[in-house]
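Residues per chain, in single letters:
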Amino acid sequence: RLGGRLCDGVQINAPWPDPEDVRAAVAVGCRRVVLQVRDYLSAPPGIVARGVASYRGVITDILLDASCGNGLPISASGRLTATIEAIRKVAPGRGIGLAGNLNAESLTGDIKYAFEAFPWLNRDAEGGLRDENDHLNMAKVKAYLEASA
């Protein structure tokens, strides 16, 4: 099998890939397929939700990551919760996560509100918890976990 017997899932980090290409990941045995959604802050929530809906039956999770895995801070500008709500309507039961330089200092404003309003929202904080040498900074991890509690 592609990926080996221990490969349980895959994250698709491409801007709106063809759903049939993503379906191929499911066909080779991936039980979890995470779609990274990059443009959720620049597009209206309904447009983002329609994009996600085109993967119905293919993806198991959605990761909202405007930084495209580069750890750039989120500038939510009031659109974040509306987008999450729109996605939930078209993809009920799917996991939804948020990424983008999450750390203790970034848990404010719209981001803080989103995690309070949607306590089930997954958090991808890896990039915001690293030092200048790209090593995991345990002091940042501790501060983030304390701020998240």
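To start, this report covers the structure provided alongside it. Small disclaimer: the values here were computed from a predicted structure and weren't measured. (Residues numbered from 1 in each chain as written. Predicted model: local features only at pLDDT ≥ 70, side-chain atom pairs only at ≥ 80, totals over all residues. Heavy atoms only, no water.)

### Quick word on the pairing of strand β4 (residues 95-99)
Inclusion rule: Three labels apply to residues, based on accessible area from a 1.4 Å probe with only protein chains included: buried if under 20% of the type maximum, exposed if over 50%, partly exposed otherwise in between. What counts as a helix is a DSSP run of H or I of at least four residues, what counts as a strand is a run of E of at least two, and both are numbered from the N terminus. We treat two strands as partners when DSSP finds at least two bridges between them. Consider the strands pointing away from the viewer: the crossover is right-handed when the path from the first strand over the helix to the second runs clockwise.
Among the 5 residues of β4, 5 are classified as buried, and the element is accordingly described as predominantly covered. Burial along β4 is two-sided: the face carrying Gly95, Gly97 and Ala99 and the face carrying Ile96 and Leu98 are both buried. Sheet analysis places strand β3 (residues 61-64) next to β4, joined by 4 bridges and oriented parallel. Within β4, the position partnered with Ile62 by the bridge is Ile96. Strand direction decides the pairing type here: β4 and strand β5 (residues 122-124), joined by 3 bridges, are parallel. Note that in β5 the partner of Ala99 across the bridge is Asp124. In terms of handedness, the path from β4 via helix α4 (residues 109-117) over to β5 forms a crossover that is right-handed.

### A look at the nonpolar core
The following threshold applies: In this description, a nonpolar core means a group of buried Ala, Val, Leu, Ile, Met, Phe, Trp, Tyr and Cys residues linked to one another through side-chain atoms lying within 4.5 Å. The contact rule is simple, with two residues in contact once any of their heavy atoms fall within 4.5 Å.
Core analysis: the largest hydrophobic core is formed by 34 residues, its most contacted members being Ile62 and Leu64. Counting only elements with at least two residues in this core, the list comes to α1 (19-27), β2 (32-37), α2 (45-53), β3, α3 (80-90), β4, α4 and α5 (138-148). Ignoring sequence-local partners within four residues, the contact set of Leu64 consists of Val37, Tyr40, Leu80, Ile84, Ile87, Ile96, Gly97, Leu98 and Ala99.

### Notes on the packing of aromatic side chains
Just so we agree on the cut-off: Only rings of Phe, Tyr and Trp enter the pairing, Trp through its six-membered ring, and a pair is recorded when the two centres are within 6.5 Å. The plane angle decides the type: under 30 degrees is stacked, over 60 is edge-to-face, the rest tilted.
For the structure shown, the criterion picks out 2 aromatic pairs. Ring centres 6.2 Å apart and planes at 25° place the aromatic pair Trp16 and Tyr55 in the stacked group. Of the two residues, Trp16 sits in the loop between β1 (9-12) and α1 while Tyr55 sits in the loop between α2 and β3, which places them 39 residues apart along the sequence.

### Let's talk about the sheet that holds β2
Applied cut-off: As a rule, the C-alpha atoms of each element are fitted with a line to give its axis, helices using only the stretch in contact, and angles between N-to-C directions run from 0 to 180 degrees.
Read across the sheet, 5 strands follow the order β1-β2-β3-β4-β5 without closing on themselves; strand pairing throughout is parallel. Bordering the open sheet on either side are β1 and β5, each of which pairs with just one other strand. Recorded for the sheet is a direction-independent mean angle of 25° between the axes of neighbouring strands.

### Brief notes about the packing of α2 against α3
Short version of the rule: Handedness of a crossing follows from how the near helix is turned relative to the far one, being left-handed for an anticlockwise turn of less than a right angle and right-handed for a clockwise one. Under the scheme applied, nonpolar residues are Ala, Val, Leu, Ile, Met, Phe, Trp, Tyr, Cys and Pro; charged residues are Asp, Glu, Lys and Arg; polar residues are all the others, including Gly.
Direction vectors running N to C along α2 and α3 enclose 35°, while the axes themselves pass 8 Å from each other. Regarding α2 and α3, the two cross each other, and that crossing is right-handed. The residues of α3 that touch α2, namely those facing Pro45, Val48, Ala49, Val52 and Ala53, are Ala82, Thr83, Ala86, Ile87 and Val90. Tallied by class, residues from the contact of α2 with α3 come to 9 nonpolar, 1 polar and no charged.

### Let's talk about the pairing of β3
Side chains of β3 alternate between two faces, with Asp61 and Leu63 and Ile62 and Leu64 buried alike. Judged from the 4 bridges that link them, β2 and β3 form a sheet pairing that is parallel. Bridge assignment links Leu35 to a residue of β3, and that residue is Ile62. With α2 bridging β2 and the parallel β3, this β-α-β connection has right-handed handedness.

### Examining the side chain of Thr60
Test applied: By the criterion applied in these results, polar contacts are pairs of N or O atoms within 3.5 Å in which, for protein atoms, one can donate a hydrogen and the other can accept it, and in which residues neighboring in sequence qualify only through two side-chain atoms.
Secondary-structure assignment places Thr60 in the loop between α2 and β3. Of note is the side chain of Thr60, whose polar atom sits 2.6 Å from the side chain of Asp61. With near-sequence residues (within four places) excluded, Thr60 lies in contact with Arg31, Arg32, Val33, Arg94 and Gly95.

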